[in-house]
Amino acid sequence: MKIDRQAGWTIDSAKSTYGIENWGNGYFDINAGGEVIIKNPSCDSSSGLSLLEIIEGLRDRDLHMPALLRIENIIDHSISKLNNSFNKIIDRLGYQGQYRGVFPIKVNQQAQIVEEVAQFGVRYSHGFEVGSKPEMIAALSTLDNSSDQMLICNGYKDQEFVDLALQAVKLGTRCFVVIEALAELPIIIERSKALGIEPLIGVRAKMTSKVGGHWNSTSGDRSVFGLSASQIIQVVDVLKDNNMLHCLQLLHCHLGSQIPNIRDIRGGVNEACRYYADLCKEGAAMNYIDLGGGLAVDYTGAHSQESQSRNYSLDEYCEDVVETIMSTLDAYGIRHPTIVTESGRATVAYSSILLFNILDVTRFEPIEIKTSRDASHELLDNMRGIFEYLKPARLQECFNDAHYYRDEIRELFKRGQIGLRTRAEAENLFLQVLHQVKSLLSEMDQIPKELEGFDESLADIYYGNFSLFQSLPDSWAIDQMFPVMPVHRLQEAPDRRAVLADITCDCDGKIDRFIATDREYNPTLPLHSLQDSQEYYLGVFLVGAYQETLGDLHNLFGDTNVASIRLRDDGGYEFVKEIHGDTIEDVLGYVEYQPWEMKLRYRNKLEAAVNEGRITARERQQMMNTFNASMQGYTYYEKDHLL
Ligand SMILES: *Cc1c(COP(=O)(O)O)cnc(C)c1O
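What you see is a predicted model, and the numbers here were worked out from it, not measured in a lab.

**Details of unusual backbone geometry**
Trans peptide bonds make up the majority, and among non-glycine residues the majority have a negative phi.
So, step 1. The omega torsion of the bond from M65 to P66 falls at -5°, within 30 degrees of zero and hence cis.
So, step 2. By the element assignment, P66 lies in the loop between α3 (51–60) and β4 (67–71).
So, step 3. We note that D479 has phi near 55°; this positive angle belongs to a residue other than glycine.
So, step 4. Inspection of the secondary structure puts D479 in the loop between α17 (473–477) and β15 (484–486).
So, step 5. Judged by its relative accessible area of 40%, D479 is partly exposed.

**Considerations on the site of the ligand**
So, step 1. The full set close to the ligand counts 17 residues, and K106, S257, E342, G344 and Y546 are the nearest of them.
So, step 2. In this structure, an oxygen atom belonging to the ligand sits 2.6 Å away from a side-chain N or O atom of K106.
So, step 3. Contact between the ligand and Y546: an oxygen atom at 2.6 Å from a side-chain N or O atom of the residue.
So, step 4. Protein burial of the ligand: of its 390 Å² of free accessible surface, 93% is covered by the chains.
So, step 5. Here the ligand is seated within the second largest pocket.
So, step 6. Of the residues that constitute the shell around the ligand, the class distribution is three nonpolar, nine polar and five charged.

**Some points on the sheet that holds strand β7 (residues 150–153)**
The strands making up a sheet are joined through hydrogen bonds of the backbone, oriented either antiparallel or parallel.
So, step 1. Taking strand neighbours around the barrel as the criterion, the eight strands line up as β5-β6-β7-β8-β9-β10-β11-β12 in a closed arrangement whose pairing is parallel. Along the sheet, successive strands turn relative to each other by an average axial angle of 25°, direction set aside.
So, step 2. Bridge count between strand β9 (residues 200–204) and strand β10 (residues 248–252): four bridges; the pairing is parallel. The partner of V203 across the bridge, within β10, is L251.
So, step 3. The strands that helix α6 (residues 133–142) touches are β6 (127–130), β7 and β8 (174–179); relative to β6, the one it contacts most, it runs at about 165°.
So, step 4. In the packing of helix α7 (residues 159–171) onto the sheet, the strands contacted are β6, β7, β8 and β9, and the crossing angle to β8 comes to about 150°.

**Some points on the domain arrangement of the protein chain**
So, step 1. In terms of domains, the protein chain is made up of domain 1 (95–343), domain 2 (378–455) and domain 3 (598–631).
So, step 2. Here the C-alpha centre of domain 3 lies 53 Å away from the C-alpha centre of domain 2.

**A short note on empty space enclosed by the protein**
In this approach a probe as big as a water molecule rolls over the atoms, and the regions it shows empty are the leftover space.
So, step 1. Counted by the stated rule, this structure contains five cavities of 30 Å³ or more.
So, step 2. There is about 80 Å³ of room inside the largest cavity.
So, step 3. C253, L255, I259, I265, G268, V269, L291, G293, G294, L295, Y317 and V321 are the residues that line the largest cavity.
So, step 4. Looking at the lining of the largest cavity element by element, the count peaks at three residues for helix α10 (residues 262–281).
So, step 5. Residue classes in the lining of the largest cavity are distributed as nine nonpolar, three polar and no charged.

**Quick notes on helix α20 (residues 617–632)**
So, step 1. Given a rise of 1.5 Å per residue, 16 residues ought to cover 22 Å, and the 23 Å separating the end C-alpha atoms of α20 matches this to within 8%.
So, step 2. Looking only at α20, the buried set comprises R620, M624 and M631. The arc that holds the buried residues of α20, viewed along the axis, is 30°, so those residues lie on one side. Among the exposed residues of α20, those pointing more than 90 degrees away from its buried face are R618, Q622 and T626.
So, step 3. Its buried side turned inward, α20 meets α18 (584–590) and α19 (595–611).

**Here's the deal with the side chain of N154**
So, step 1. The topology assignment puts N154 in the loop between β7 and α7.
So, step 2. On the basis of relative accessible area, N154 is assigned to the buried category, the value being 3%.
So, step 3. For N154, the side chain forms a polar contact with the side chain of H252, separated by 3.3 Å.
So, step 4. Setting aside its immediate chain neighbours within four residues, N154 contacts E129, V130, G131, S132, F161, V178, E180, H252 and E342.

**Here we look at the packing of helix α4 (residues 72–93) against helix α5 (residues 111–121)**
So, step 1. Interaxial distance between α4 and α5 falls to 10 Å at its minimum, and their mutual angle equals 50°. As summarised for this structure, α4 and α5 are arranged oblique, according to the angle between their axes. Helix-helix and strand crossings are classified by hand; for α4 and α5 the assignment is right-handed. Residues E72, I75, D76, I79 and S80 of α4 form the contact with α5, whose participating residues are I113, E116, V117, F120 and G121.
So, step 2. The residue inventory of the contact of α4 with α5, partitioned by class, reads five nonpolar, two polar and three charged.

Conventions adopted
Residues numbered from 1 in each chain as written. Predicted model: local features only at pLDDT ≥ 70, side-chain atom pairs only at ≥ 80, totals over all residues. Heavy atoms only, no water. Helix = DSSP H or I, 4+ residues; strand = E, 2+ residues; numbered from the N terminus. Buried < 20%, exposed > 50% of the residue type's maximum accessible area, 1.4 Å probe, protein only. Near = heavy atom within 4 Å. Polar contact = N/O pair within 3.5 Å; in protein donor to acceptor, adjacent residues only side chain to side chain. Areas by Shrake-Rupley, 256 points an atom, 1.4 Å probe, with all protein chains shown as cover. 1 Å grid on protein atoms, 1.4 Å probe; cavity = no way out; pocket = protein on both sides within 12 Å on 5 of 7 lines; lining within 4 Å. Sits in = over half its atoms within 2 Å of the grid points. Nonpolar A, V, L, I, M, F, W, Y, C, P; charged D, E, K, R; others polar. Pairing = 2+ DSSP bridges. Axes fitted to C-alpha atoms, helices over the stretch in contact; angles between N-to-C directions. Contact = heavy atoms within 4.5 Å. Domains from an automatic or database assignment. Points joined across faces, edges and corners; volume = space filled by probe spheres on them. Expected span 1.5 Å × (residues − 1). Arc of directions from axis to C-beta. Parallel < 35°, antiparallel > 145°, perpendicular 65-115°, else oblique. Left-handed = near helix turned anticlockwise from the far one by under 90°.

Here is the structure:
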């Protein structure tokens, strides 16, 4: 749908239209040339790196769209900020304990990310949280043994998992087994005796504090995680009987992910402190309070307590946590414990951007067609008649009439009483009426109630070269909103309103909720008309958390290309790592096809056609080459192959 170009459009108009300063957290901006730039977080003076320049760099390296771009500096910066923020508050309030962060591997398990967190995290002794044996193996092999990083083991643990944890303790890692279920306790005691290694034990308490946001079911009475009060007492008694109560040193709780309201966090920390204090009283050698994840990301930039935002800053979060623990435990005269948090989302969300090009656009506008002589019909005349009474006072009536006549014509078409050309003409007339209604609406101060939301029905569909199911699963599964915007041409005012569709041809593969400053969401996104010879690139931002391994192979679209960059302090940048996305052969292999067998079968089929004289040997070879090249190719739309 066309929108009137905003007069006096400037770069500032672009910034406010897409809200980049609200959700960008200082990492992203728009330069004078109208391109989105990434700013080096450790270097204020840098002019920023244009995403368009990166896309060109990727293309020259045969890393085509869609591509996931990772910015290593942003991971580093998030870890620094989290640790510095806690340390600053601890100093200021005179808190006697330390802060120790751990990164929950489930949030982004990709080796590149885990290695980056481990390498950069060493300076803050930032460790890992794991919830399964594969994650445990990844953490054990990545952690730097010379550092004081913690390793927190959650999840249901069998003997093998417990053995890995005990051996890590022996190696000198502060590795805690957190008891999530009573069945784990006898295994821990038995393996500890068998291996002669004293475990470091934590208990996960079931929290009853209610928490708002998408994931609130992980908290409350019916939470599937953690031990009830009576189960915790049972753990204490069994450990005491085995002379192991001194091994119980950590209380774990996890209120949920993406907690938008700071009050819920304070409430949860308060409850955790009550457990902690009474475990001390029971005689456990408590020394660590682990508050899990929950630190939210402000995806919409609204700074509100809506589920996709947060009503607090990082400093406020740290201050509330430290202050609550301090005041609660001081009242009991209990020594300040080491504070552990397991922030995942807030640590990695900002570091990845999904980039893709637009392949095509559908506009809901009349299309020039040749009218046929026999295409006249009474209903068409009625439809044309609408234009005679189309004026502001009768908009609703015109709108209803247009729908009525169009639907009647569709009915007649179904019954074979009118032809395709007549129907096409009717659809054209219908769109003409709607566009006139729209232009009259735009001149009116007050829009009739029934016609609110009318604009959306005329929005263009922009087809993006990506799969929502593979790259943005939460957008589909839980209506998560991510900031989406063009990464260039922002010096021009956008002249269209659109929704986005992916290339899976699945009706769920669309994005039709966009962040808005003045309401819950926008049903359309302002975009630019495509230009013939120029690619149009969009970016989906803040996709570094939870999106990569939840994605599926819908329509067998595979992993996208991935590139990691590092911004240098001199203003330059480096492509530090690249991973080519899945080939067609790769994804077919995932669903148990045998590519060599497929090639053989195709070859046999072609050879038979040669024998029957239907194709020549030369043609056979051409077909074979196309088939083989395609097997090696990218699963997404490849424009360059057409050249
Ligand atoms: C998922 C999870 C986290 C991470 O939560 P975020 O909200 O992403 O920070 C931390 N700890 C546990 C136990 C989890 O299950």
